[in-house]
Number of protein chains: 2
Amino acid sequence: MTQNIYDDDTFFAGYGQLDRSRLGLDGAPEWPTLRAMLPDLAGKRVLDLGCGFGWFCRWAAEQGAERVLGIDVSANMLARAQSMAKGEAVVYLRADLEAVTLPRGAFDLVYSSLALHYIVDLEGLLAKVRRALKPGGVLVCSVEHPTMTAPTEPEWVKRPDGRSVWPLDRYLAEGERVTDWLAPGVIKQHRTIETYVALLLGAGFRLTDLREWGPSLEQSAERPDFALGRERPFFMLLGGRLED
Amino acid sequence: MTQNIYDDDTFFAGYGQLDRSRLGLDGAPEWPTLRAMLPDLAGKRVLDLGCGFGWFCRWAAEQGAERVLGIDVSANMLARAQSMAKGEAVVYLRADLEAVTLPRGAFDLVYSSLALHYIVDLEGLLAKVRRALKPGGVLVCSVEHPTMTAPTEPEWVKRPDGRSVWPLDRYLAEGERVTDWLAPGVIKQHRTIETYVALLLGAGFRLTDLREWGPSLEQSAERPDFALGRERPFFMLLGGRLED
């Protein structure tokens, strides 16, 4: 079972202070890239796996999605999502993504932002996603970039000449990684890019997008705290489509 | 124009000592993985871009390929390839891959081992590859893994606890990288995985394989000089297929 760190009070308090929590999609620097990977949502049925505060669900409803289902394991996050609801066509469901049962052939788009790197049985979840999509359905998701999750010590190292380098190791040693981020003992699953792609293809998707997101030069100039993301990408964004 | 480093005498002398030069395909530890990505070659027409000593060309002929064309820019390498020819259905052609003209709709498979990271205009070359393939044709290629080409200083760094880490930086800064490997001033083109995949999809291929090759635990045990490849992969292997 996946750890439910978002219901840890310390983690949740810290998480709530992040730009992406306070400002929503516009507080997530990778959002414009992810958004460009999405199909037109007007009249579509949308599932958001790991919907958190529901920012994407509400946005999808604003884009004219016919129905939006947001699933998250965190009671804390869903309570906040519900409190921000404005009568849109959004339904929230609390469930563990490892165990959830999804309706068959029900969605045009499955979306997931920064949730899948917590999932232990990703192959099982993607098989469920495949069945939950209509023919021609689309999956768009983001995960922490595998070079970010791999290292034994995921902290920038200052070189004698002042450069910061990312100490990559254990890249091919897939499995659990425990880090202290907002709270001690946060558990993520490290997978290689090879594995993410193989799981997607193996689930029957055609790969349509693979992006390694780091800040643009412009974003780096505006936000020096992002700049190191040009040395090593923060996120990997994947897009896949089922055959019609 | 791509640097022709294989006709540098110092480089060529060193390159000729590598296992992959002396022993051929069996001296290349990634070969079993690459081989598993190949279609059946019996009766097929095959093009090898950057064929070097012709090990793959001769192997393809042994597999029953109807015709094999090997192209390389290096006179040194082609002379050696010719000297090892045994009357197989292999033709060698000396040409710069940046400038070569390829016949249209002529091949079932285009193969390229560790050559494409030297190419400046990879988009242009892939467009030519696409046109050179028959409908349903296949591209299988390997390149140095982008985490390997990216760094300012591509040398393992020993940490205080004895671990070796790979000092990743400049990952998103694509372009020329100059390293001293076998000879000073070897020029390669660093590209992200995103870019390799986008170029392949953009050229009309469906992605069928993306492998990040490092030694297996078994290979690491046999060859301690390979073991660091488990910390950071050596190669990326890509497979693509055109629509029928």
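Everything numeric here is computed off the predicted structure, so don't read it as measured data. (Residues numbered from 1 in each chain as written. Chains lettered and ligands numbered in written order. Predicted model: local features only at pLDDT ≥ 70, side-chain atom pairs only at ≥ 80, totals over all residues. Heavy atoms only, no water.)

Enquirer: What's the story with the pattern of salt bridges in this structure? I'm lost.
Expert: For side chains of opposite charge, pairing can occur when their charged atoms come near one another. In this structure the tally under the stated criterion is 24 salt bridges over all chains. A:Arg163 serves as the salt-bridge partner of B:Asp169, at 2.8 Å between the closest nitrogen and oxygen. With B:Asp169 in the loop between strand 7 (164–168) and strand 8 (175–181) and A:Arg163 in the loop between strand 6 (157–158) and strand 7 (164–168), this pair bridges two chains. With a relative accessible area of 18%, A:Arg163 lands in the buried category. One salt bridge connects B:Lys188 with B:Glu144, and the closest N-O pair in it is separated by 2.8 Å. With B:Lys188 in strand 9 (residues 183–190) and B:Glu144 in strand 5 (residues 133–144), this residue pair connects regions lying 44 residues apart in the sequence. What makes B:Glu144 buried here is its relative accessible area of 12%. (Salt bridge = Lys/Arg side-chain N within 4 Å of Asp/Glu carboxyl O. Helix = DSSP H or I, 4+ residues; strand = E, 2+ residues; numbered from the N terminus. Buried < 20%, exposed > 50% of the residue type's maximum accessible area, 1.4 Å probe, protein only.)

Enquirer: Quick question: what am I supposed to make of the nonpolar core here?
Expert: Nonpolar side chains in soluble globular proteins tend to end up buried together. If you look at the biggest cluster of nonpolar residues, it comprises 138 residues, and the most contacted ones within it are A:Phe56, A:Leu210, B:Phe56 and B:Leu210. Setting aside residues no more than four positions away along its own chain, B:Phe56 makes contact with B:Leu25, B:Trp31, B:Leu38, B:Leu41, B:Val46, B:Asp48, B:Leu109 and B:Tyr111. (Core = buried A, V, L, I, M, F, W, Y, C linked by side-chain atoms within 4.5 Å. Contact = heavy atoms within 4.5 Å.)

Enquirer: Looking at this structure, I do not really get the confidence of the model for chain A. What am I missing?
Expert: As a note on interpretation, predicted positions should not be read in detail where pLDDT is low. For chain A, the average pLDDT comes to 95, and 100% of its residues sit at 70 or higher. Interface confidence in the predicted complex, given as ipTM, is 0.96; pTM for the same model is 0.96. (pLDDT = per-residue confidence, 0-100.)

Enquirer: Is there a simple way to think about the packing of aromatic side chains in this case?
Expert: By convention here, two paired aromatic rings are described through the distance between centres and the angle between planes. Residue and element names in this part refer to chain B. On inspection of all chains with the given rule, the structure shows 30 aromatic pairs over all chains. Judged by centre distance (4.8 Å) and plane angle (75°), the ring pair of tyrosine 6 and phenylalanine 11 falls under edge-to-face. Taking the relative accessible area as the measure of exposure, tyrosine 6 reaches 13% and is therefore buried. Judged by centre distance (5.0 Å) and plane angle (80°), the ring pair of tyrosine 6 and tyrosine 15 falls under edge-to-face. Exposure class is identical for tyrosine 6 and tyrosine 15. Each is buried. (Phe/Tyr/Trp six-rings, centres within 6.5 Å; stacked < 30°, edge-to-face > 60°.)

Enquirer: When you look at the packing of helix 6 (residues 122–132) of chain A against helix 8 (residues 193–202) of chain A in this model, what are you seeing that I'm missing?
Expert: When two helices pack together, their arrangement is given by the angle between the helix axes and by the axis-to-axis distance. Residue and element names in this part refer to chain A. Where helix 6 contacts helix 8, the two axes come as close as 9 Å, and the packing angle between them is 35°. Remark: the crossing between helix 6 and helix 8 carries right-handed chirality. Judged by residue contacts, Leu122, Glu123 and Leu126 of helix 6 engage Tyr196, Leu199 and Leu200 from helix 8. For the contact of helix 6 with helix 8, the residue count by class is five nonpolar, no polar and one charged. (Axes fitted to C-alpha atoms, helices over the stretch in contact; angles between N-to-C directions. Left-handed = near helix turned anticlockwise from the far one by under 90°. Nonpolar A, V, L, I, M, F, W, Y, C, P; charged D, E, K, R; others polar.)

Enquirer: Where do I start with unusual backbone geometry in this structure?
Expert: Note: most peptide bonds trans; most residues except glycine with negative phi. Although it is not a glycine, A:Leu182 sits at a positive phi angle of roughly 70°. The topology assignment puts A:Leu182 in the loop between strand 8 (175–181) and strand 9 (183–190). Residue classification places A:Leu182 among the partly exposed positions, given a relative accessible area of 32%. Its identity is not glycine, yet B:Arg170 carries a phi of approximately 55°, on the positive side. For B:Arg170, the position within the fold is in the loop between strand 7 and strand 8. A relative accessible area of 33% places B:Arg170 in the partly exposed class.

Enquirer: Explanation requested: the environment of A:Val178 in the structure shown.
Expert: Residue and element names in this part refer to chain A. Looking at where valine 178 falls in the secondary structure, it is placed in strand 8. Measuring from C-alpha to C-alpha, the distance between valine 178 and alanine 95 comes to 23 Å, with 83 residues separating the pair along the chain. In contact with valine 178, not counting residues within four places along its chain, are Gly185, Val186 and Ile187.

Enquirer: Hey, could you run me through the relation of the copies chain A and chain B in this one?
Expert: Superposing chain A onto chain B takes a rotation of 180° plus a shift of 0.0 Å along the axis, which leaves an RMSD of 0.0 Å. Such a combination of turn and shift is consistent with a two-fold rotation axis. Distance from the rotation axis, computed per C-alpha, reaches its smallest value in chain A at A:Pro167: 2.6 Å. A shared interface surface links the copies, since 100% of the contact residues of chain A are contact residues in chain B too. (Least-squares fit on C-alpha atoms with pLDDT ≥ 70 in both.)

Enquirer: Is there a simple way to think about the interface of chain A and chain B in this case?
Expert: Counting residues at the interface gives 37 residues for chain A, matched by 37 residues for chain B. Counting the contacts that link chain A with chain B gives six salt bridges. Looking at the side of chain A that touches chain B, the element that brings in the most residues is strand 10 (residues 206–213) of chain A, giving seven residues. Taken together, the residues of the side of chain A that touches chain B break down into 15 nonpolar, seven polar and 15 charged. Pairing of strand 7 of chain A with strand 7 of chain B, which is carried by three bridges, proceeds in the antiparallel orientation. Bridged to A:Leu168 within strand 7 of chain B is B:Trp166. (Pairing = 2+ DSSP bridges.)

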